[in-house]
Amino acid sequence: MLTVMALLCRALGFYPLWLLLLSLCPADAMLPAMGILLGTAFVTGVCARLLRQRLYARKRLSFWLSGLWTVLSAAICAGGVMLLTHSPVISTVTAAVTVIGTHRKADADPADLFTVNGDVAFLTCAVIATVMLAAAYQDTHLTMTLGVIGTVEALYLLLRNQLMLRRFVNRRSSTETAVPAEIRRGNLTLVIGLIVLLAVIFVFHTPLVHFLEWLHQSLIRLVYAVGRFLYHIAERLSGAAPEEAEEILIGEEAELPQAAGKSNPLWMLLWIPFIAVAWVIWREFLSDWVYDIKMFLIDLAARLRKSDPDAQVIRRTAAGEYYDTETTLRRTENERSRKRAWRRELRRWHARPDGSEKFYAGYRLLLEAPCWESGMLRQSDTVREIRDKWAEYFTPDSALDAVTSDFHADRYAEQGLPEEAIRDLAAALERIRTVKTEKQR
């Protein structure tokens, strides 16, 4: 797939040349001629690569065969383009440059088929070709050019992302190692999601701008209405006689004051991060305020019951009882929140690549499960003692037997993790996820 994407980018890199030369021909022949050039160049590159790989030991034979195939493909492509454009010069130049340029070093690594220099040259030539057509008062085909640029850049972004991921995985290895499926899948999801998001913004930019304008006007109307409402409330609470206020018409009859000049509506995109950051900040502040108010009410209720918390602290300390102020005042997490956080960590654990790190991270997650009561597990417990405590308090008794055996085989016997270690641990975590918090026996 990396080779296919690189060859496609290389073939589409000749689009500026096609645009300049085919603009001199009839407009109806442009798209079919570009399709013939792209298809021939791509198929020629794939066949030349396969031929050179098959005949790698016989370099002279592969050279002559690939050269003959290139000349034959260029001739067929030139004939097809000439039937559409009726111009032998344009068809010969475009076919020869495209096919030979795509065929050059077709057996190279995907990272060398379409490099950063090639991408920069493609973008530069596309801009120059568009400017030249505009200066010559020709149709610039701006929509098609933007579509081709978007396609090439999306393929190139995906290509570079996968190549960098492969390089990262093999940075300390002398042999080529495949990227783990979980990492590759997650990375592809992230990159393709970003490309799709940018494509949706590009395609639906007009309704998006209208929506942002409507949101901007709605926010102004809301602030204006809240201000008028607070003004009326303050006027009534002040004791003044209610006056006949003008009705604020929000609609077609009343127009909000507009600022002088007309700004770019894309500036309203800045409202999105501003609103998100403001919401997070205010949520944190409000949660702290709610907690402070709660503690104040608890303290006030204790004082009204003539039970001073500070006096109780002094009495406990004087009596020699250990008193931890930080632990007492720390906000404790309820059982429901603990279960939700633990299940979230369990989902993240399933997404990690298999290996010893995943096994030991899963075992730590097993020890932090909400089913264990406070003080049931100690730091000095061995894995066998943990298994015995599980068998004593929960069912089934043998839920941790396989995990304990895998742990002993790797840590103590130094035999390495068995192949089924991750599967055994996943089954144990699934069992723990469904067990009740209270004791079963």
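Our subject is the structure that appears above.
Residues numbered from 1 in each chain as written. Predicted model: local features only at pLDDT ≥ 70, side-chain atom pairs only at ≥ 80, totals over all residues. Heavy atoms only, no water.

Asks: Sorry, what's going on with the overall build of the protein here?
Replies: In terms of regular secondary structure, the protein is built from 18 helices and zero strands. Here the protein, with 441 residues, has 28% of them falling under the buried criterion. Across the protein, every contact between residues at least 6 apart in sequence was considered, and the portion connecting residues at least 24 apart equals 69%. When the accessible surface of the protein is split by element, carbon and sulfur atoms take 62% of a total near 30,000 Å². (Helix = DSSP H or I, 4+ residues; strand = E, 2+ residues; numbered from the N terminus. Buried < 20%, exposed > 50% of the residue type's maximum accessible area, 1.4 Å probe, protein only. Contact = heavy atoms within 4.5 Å. Areas by Shrake-Rupley, 256 points an atom, 1.4 Å probe, with all protein chains shown as cover.)

Asks: What should I look at first to understand helix α14 (residues 335-350) in this one?
Replies: Residues three or four positions apart in an α-helix share a direction because the helix packs 3.6 residues into each turn. For α14, with 16 residues, the first-to-last C-alpha span of 23 Å sits near the 22 Å given by 1.5 Å per residue. Inspection of α14 places W342, L346 and W349 among the buried residues, and these make up the whole buried set. Buried residues of α14, seen end-on, are gathered within an arc of 60° and therefore sit on one face of the element. For α14, the exposed residues set more than 90 degrees away from the buried face come down to R336 and R347. The inward-facing, buried residues of α14 contact α15 (356-367) and α18 (421-434). (Expected span 1.5 Å × (residues − 1). Arc of directions from axis to C-beta.)

Asks: Is there a simple way to think about the nonpolar core in this case?
Replies: Judged by nonpolar contacts, the single largest core of 38 residues is most densely connected at Y15, W18, L19, L22, M34, L37 and V152. Of all the elements in the fold, those that place two or more residues in this core are α1 (2-12), α2 (15-22), α3 (30-54), α4 (59-85), α5 (88-103), α6 (110-113), α7 (116-135) and α8 (142-169). Take this core: its biggest share by element is eight residues, from α8. If you look at the next biggest cluster of nonpolar residues, it comprises 28 residues, including W349, F359, Y360 and L425. (Core = buried A, V, L, I, M, F, W, Y, C linked by side-chain atoms within 4.5 Å.)

Asks: What is the right way to look at α3 in this model?
Replies: Over its 25 residues, α3 extends 36 Å from the first C-alpha to the last, a length consistent with the 36 Å expected when each residue adds 1.5 Å. The complete set of buried residues in α3 reads M30, A33, M34, L37, T40, A41, T44, G45, A48, R49 and R52. Contacts from the buried residues of α3 go to α1, α2, α4, α5, α6 and α8.

Asks: Would you mind going over a positive patch on the surface with me for this structure?
Replies: There is a patch of like positive charges on the surface, built from R336, K339, R340, R343, R344 and R347. The topology assignment puts R340 in helix α14. (Patch = residues over 30% accessible without salt bridge, like charges linked within 9 Å, V, L, I, M, F, W, Y side chains within 5 Å. Salt bridge = Lys/Arg side-chain N within 4 Å of Asp/Glu carboxyl O. Lys, Arg positive; Asp, Glu negative; His and termini not counted. Charge placed at Lys NZ, Arg CZ, Asp CG, Glu CD.)

Asks: How do you make sense of the packing of aromatic side chains when you look at a structure like this?
Replies: Given two aromatic rings, their pairing is described by the distance between the two centres and the angle made by the two planes. Considering all chains together, one arrives at ten aromatic pairs under this definition. Between the aromatic rings of F407 and Y412, the centroid separation amounts to 6.2 Å while the plane-to-plane angle is 50°, which identifies the pairing as tilted. Relative accessible area serves as the criterion here: at 8%, F407 is assigned to the buried category. Grouped by ring-pair contacts, the aromatic residues F359, Y360, Y363, F407 and Y412 constitute a single cluster. Geometry around W349 places K358 over its ring, the cationic atom sitting 4.9 Å from the centre. (Phe/Tyr/Trp six-rings, centres within 6.5 Å; stacked < 30°, edge-to-face > 60°. Lys NZ or Arg CZ within 6 Å of the ring centre and 35° of its normal.)

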